[in-house]
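Single-letter residue listing:
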Amino acid sequence: MPTQFSRRSLIRGITAATAAVTLAAGLAACGGESDAATKTSDSAGTVTVGRLANGAATETALKVAEVKSISSLLPDDIKKSGKLVIGSGTLPSGSPPLGFVGSDQKSLTGSEVDLARLVSAVLGLEPQVRRSTWENLFIGLDSGKVDVAFSNVTDTEERKQKYEFASYRKDDLAFEVKKDDTWNFDNNYENLAGKTVSVSNGTNQEKLLLEWKAKLEKEGKKLTVKYFQETNSLYLALNSGKIDAYFGPSPSLSYHATQTADSPQATRVAGQFSGAGESLQGLIAATAKKDSGLAKPLAAAINHLIENGQYAKWLKAWNLAGEAVAKSEVNPPGLPLTNS
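Residues numbered from 1 in each chain as written. Predicted model: local features only at pLDDT ≥ 70, side-chain atom pairs only at ≥ 80, totals over all residues. Heavy atoms only, no water.

## Some details on the overall build of the chain
Here is step 1: Helix and strand counts for the chain come out as 10 helices and 14 strands.
Here is step 2: Taken across its 340 residues, the chain has 54% of its residues classed as buried.
Here is step 3: Partitioning the intrachain contacts of the chain with sequence separation of at least 6 by distance along the chain shows that 78% fall at a separation of at least 24.
Here is step 4: Total accessible area computed for the chain in this model is approximately 14400 Å², and 51% of it derives from carbon and sulfur atoms. (Helix = DSSP H or I, 4+ residues; strand = E, 2+ residues; numbered from the N terminus. Buried < 20%, exposed > 50% of the residue type's maximum accessible area, 1.4 Å probe, protein only. Contact = heavy atoms within 4.5 Å. Areas by Shrake-Rupley, 256 points an atom, 1.4 Å probe, with all protein chains shown as cover.)

## A short note on the pattern of salt bridges
Here is step 1: The full count for this structure, using the stated rule, is 14 salt bridges.
Here is step 2: With a shortest N-O distance of 3.7 Å, K160 and D155 are connected by a salt bridge. Here K160 and D155 have matching classes, each one buried.
Here is step 3: Close ionic contact of E211 with K215 constitutes a salt bridge, the shortest N to O distance being 3.7 Å. You can see E211 and its partner K215 sitting in helix α6 (residues 204-218), four residues apart, about one turn around the helix.
Here is step 4: On the basis of relative accessibility, which here comes to 35%, the residue K215 falls in the partly exposed class.
Here is step 5: Salt bridges linked by common partners bring D42, R51, D114 and R117 together as one network. (Salt bridge = Lys/Arg side-chain N within 4 Å of Asp/Glu carboxyl O.)

## Section: the side chain of E112
Here is step 1: Along the chain, E112 turns up in helix α4 (residues 111-123).
Here is step 2: Classification of E112 by relative accessible area gives buried; the value is 2%.
Here is step 3: Within the structure, E112 has its side chain in polar contact with the side chain of Y168 (distance 2.5 Å).
Here is step 4: A polar contact of 3.3 Å, which involves the side chain of E112, links it to the side chain of R169.
Here is step 5: Other than its neighbours up to four places away in sequence, E112 contacts L98, F150, S151, N152, Y168, R169 and I284. (Polar contact = N/O pair within 3.5 Å; in protein donor to acceptor, adjacent residues only side chain to side chain.)

Without other data, these values stay purely geometric and don't point to any function.
Given below as structure tokens:
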């Protein structure tokens with residue numbers, strides 16, 4: 001993934017970000033939830049993306065204002081509240097560049113929350129971000145404590161039984177290994193035979209990995225899957241050889257590999273895979289409770305940002321231009337039920 005900043009600044013950045021995230025995790029409320037600071041010094045009609053990002057993004061001020069024809073599509077209860085409660089499943093340790101605690105050691109920054117703020121501006125709503133663990137992200141949606149998740153959620157046919165989607169970014173997954181490891185995925189699950197791979201619990205990539213594990217078992221081969229509660233433990237295991245690879249979101253893994261490039265803990269990306277399986281390009285989507293009436297205005301707001309250039313500038317600021325989509329779709333085809 002192309003970058004616009006020096007490796008030295010990146011290494012400084014991740015050190016500060018890690019410390020900040022650790023502090024934030026310690027302050028999290030019981031039950032795995034915490035309200036993230038979302039106030040900024042932006043003037044009306046401006047949303048600054050890439051702020052407090054420790055060099056991981058290029059801070060960019062974007063002009064964006066409410067579009068009445070789009071905000072009129074909002075459900076009445078959201079209009080009345082005047083706010084959009086945004087779920088971010090980034091506790092305990094964050095997932096740069098998607099969502100992590102910024103350099104002020106309290107505010108959530110990252111590409112996902114920045115897009116949520118841009119969408120909120122188009123909808124004329126005040127963004128309020130609520131951080132949680134990944135599992136509690138969906139509990140928040142189910143309970144109504146959260147209106148919409150902007151948290152690298154993959155569109156799947158299974159999830160459509162409970163949620164509705166407005167797509168906004170390609171969903172590519174990746175394998176990360178130690179830099180001196182010669183193994184590559186090569187788009188072939190059989191190359192996982194004999195390996196020990198870590199993945200996050202409850203994620204789309206876990207479902208894909210467990211499917212490959214089952215296929216290998218039928219062939220008389222073994223794939224060991226391991227789980228870690230937080231990122232630091234995961235990378236300690238990778239660097240010590242306790243696991244062979246980590247399977248996760250491509251942006252996060254590419255970010256980490258870039259940041260560690262000149263360190264003794266250097267890693268590399270050893271292959272990518274679509275989050276929707278072999279035959280379909282996976283999509284990341286804003287996720288709301290099914291029949292909430294939010295997917296349509298969310299998609300309209302994202303398409304407004306695409307058409308007026310703020311979307312491309314947001315992706316460029318976070319070095320994610322390669323993950324752009326041509327338009328936001330309501331409930332596009334996702335990972336099939338047979339795969340999920």
